[in-house]
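Residue-level listing of the chains:
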Amino acid sequence: MAQGKWELDAAHSEIEFKVKHMMITNVKGNFDSFKIDLDAEDDTFENALAKVSIDTASINTRNEQRDGHLKSADFFDVEKYPTITFEATSLANDQIKGNLTIGDVTRPVVFDLEFAGIQKDPWGNTKAGFIVEGKIKRSEFGLNWNAALETGGVMVSDDVKFSADIQFIKAK
């Protein structure tokens, strides 16, 4: 059972995503508000327990109209489903496995994981860094809205790529 508590260093962490738009360019965005609970037996993080909670209303693509559409029932339905959650079941072999819940759909997923190391900051805090990268199919989570293009193809790709740069502070 994991026992060492690590706190999210939100000032040095981010979750970003990108989705192909009109099959020709990527639209990028991020979630401005999220929490991660991390408990680990030791500094290898081998048997760590991690729980992620993302505030869906904090989606930010730097376009107010698009963000409003993403918050609507066409996509995240933030009124009904205020959070996206991920609960890790395994951190090993450069992968993080777990259960991702978007809306009312929970599915097992596997993402690439890079442990970036542990360092002490100038104030004596022990910090750990991780980089997580992955891809999901939004249709597998009930995010099906789309529009056909006159020239063929669709407005929004099914594939959503994401990356998360996460830094933790070891609790004292």
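Everything that follows concerns the structure shown earlier in this document.
Our subject in this report is the structure included herewith. Every residue gets a number counted from 1 within its own chain, in the order that chain's sequence is written. Residue-level local features of this predicted model are given only where pLDDT is at least 70; pairs of side-chain atoms are given and counted only at 80 or more, and the full residue set underlies all totals for whole chains, interfaces and linings. Excluded from the side-chain calculation are hydrogens and water; included are all heavy atoms of the structure.

### Considering the overall build of the chain
Stated formally: Numbering of helices and strands starts at the N terminus; helices are DSSP runs of H or I of at least 4 residues and strands are runs of E of at least 2. Residue burial is assigned from relative accessible area. The probe radius is 1.4 Å, only protein chains are included, and a residue is buried under 20% of its type maximum, exposed over 50%, and partly exposed in between. Contacts were defined at the residue level, with two residues in contact if any of their heavy atoms lie within 4.5 Å. Shrake-Rupley sampling with a 1.4 Å probe provides the accessible areas, and residues are treated as covered by the protein chains on show and by no other component.
Secondary structure assignment for the chain yields one helix and 11 strands. Reading the chain from its N end, one meets helices and strands in the order β-β-β-β-β-β-α-β-β-β-β-β. Residue burial in the chain is summarised as follows: out of 172 residues, 38% are buried. Here the analysis covers contacts within the chain between residues at least 6 apart in sequence; of these, 55% occur between residues at least 24 apart. Put simply, the chain shows about 10,200 Å² of open surface, and 49% of that area lies on carbon and sulfur atoms.

### Observations regarding the pattern of salt bridges
Applicable threshold: When a carboxyl oxygen of Asp or Glu is within 4 Å of a side-chain nitrogen of Lys or Arg, the pair counts as a salt bridge.
This model, assessed by the stated rule, comprises six salt bridges. Between Lys-5 and Asp-37 there is a salt bridge; the shortest N-O distance is 3.6 Å. Taken as a pair, Lys-5 in strand β1 (residues 4-8) and Asp-37 in strand β4 (residues 34-40) lie far apart in primary sequence, 32 residues in all. Residue Lys-5 is classed as partly exposed on the basis of its relative accessible area, which comes to 34%. Residue Asp-37 is classed as partly exposed on the basis of its relative accessible area, which comes to 41%. Residues Arg-107 and Glu-140 are paired through a salt bridge, measuring 3.5 Å at the closest nitrogen-oxygen approach.

### Considerations on the nonpolar core
Applicable threshold: Joining through side-chain atoms within 4.5 Å is the link that ties buried Ala, Val, Leu, Ile, Met, Phe, Trp, Tyr and Cys residues into a set, and such a set is a nonpolar core.
Counting 42 residues, the largest nonpolar core has Phe-76, Leu-100 and Phe-111 as the members making the most contacts within it. Counting residues per element, this core draws most heavily on strand β11 (residues 156-170), which supplies six residues. The residues touching Leu-100, leaving out its near neighbours within four places in the chain, are Ile-84, Thr-85, Phe-86, Val-105, Thr-106, Arg-107, Val-109, Phe-111, Ile-136 and Phe-141.

### Re the pairing of strand β8 (residues 95-102)
Operational definition: In this analysis, strands are considered paired if DSSP registers two or more bridges between them.
With seven bridges connecting them, strand β7 (residues 83-92) and β8 associate as antiparallel partners. Opposite Ala-88, over in β8, you have Gly-98 as the bridge partner. Counted between consecutive antiparallel strands, the loop separating β7 from β8 contains two residues, among which Asn-93 sits at a positive phi close to 55°. By the bridge criterion, eight bridges tie β8 to strand β9 (residues 105-120) in an arrangement that is antiparallel. Note that in β9 the partner of Ile-96 across the bridge is Phe-111.

### Side note on the environment of Glu-46
With respect to the element layout, Glu-46 can be found in the loop between β4 and β5 (49-55). Separated by 47 residues in the primary sequence, Glu-46 and Asn-93 place their C-alpha atoms 9.3 Å from one another.

### Comments concerning the environment of Leu-8
Structurally, Leu-8 can be placed in strand β1. Considering only alpha carbons, one finds Leu-8 and Ile-166, 158 residues apart in sequence, at a separation of 7.6 Å. Residues contacting Leu-8, with those up to four places away along its chain left out, are Ser-13, Phe-34, Lys-35, Ile-36, Ile-166, Gln-167 and Phe-168.

### Here's the deal with the packing of aromatic side chains
What counts is decided by this rule: The rule is short: rings of Phe, Tyr and Trp, with Trp giving its six-membered ring, pair when the centres are within 6.5 Å, and they are stacked under 30 degrees, edge-to-face over 60, tilted in between.
Evaluated as defined, the whole model comprises nine aromatic pairs. Relative to Phe-45, the ring of Trp-6 lies with its centre 5.2 Å away and its plane at 55°, an arrangement referred to as tilted. Linking Trp-6 in strand β1 with Phe-45 in the loop between β4 and β5, this pair joins segments that are 39 residues apart in sequence. Here Trp-6 falls in the buried class, since its relative accessible area comes to 1%. Taking the centre distance of 4.7 Å and the plane angle of 85° together, the rings of Phe-111 and Phe-162 count as edge-to-face. In this pair, Phe-111 sits in strand β9 while Phe-162 sits in strand β11, placing the two residues 51 residues apart along the sequence.

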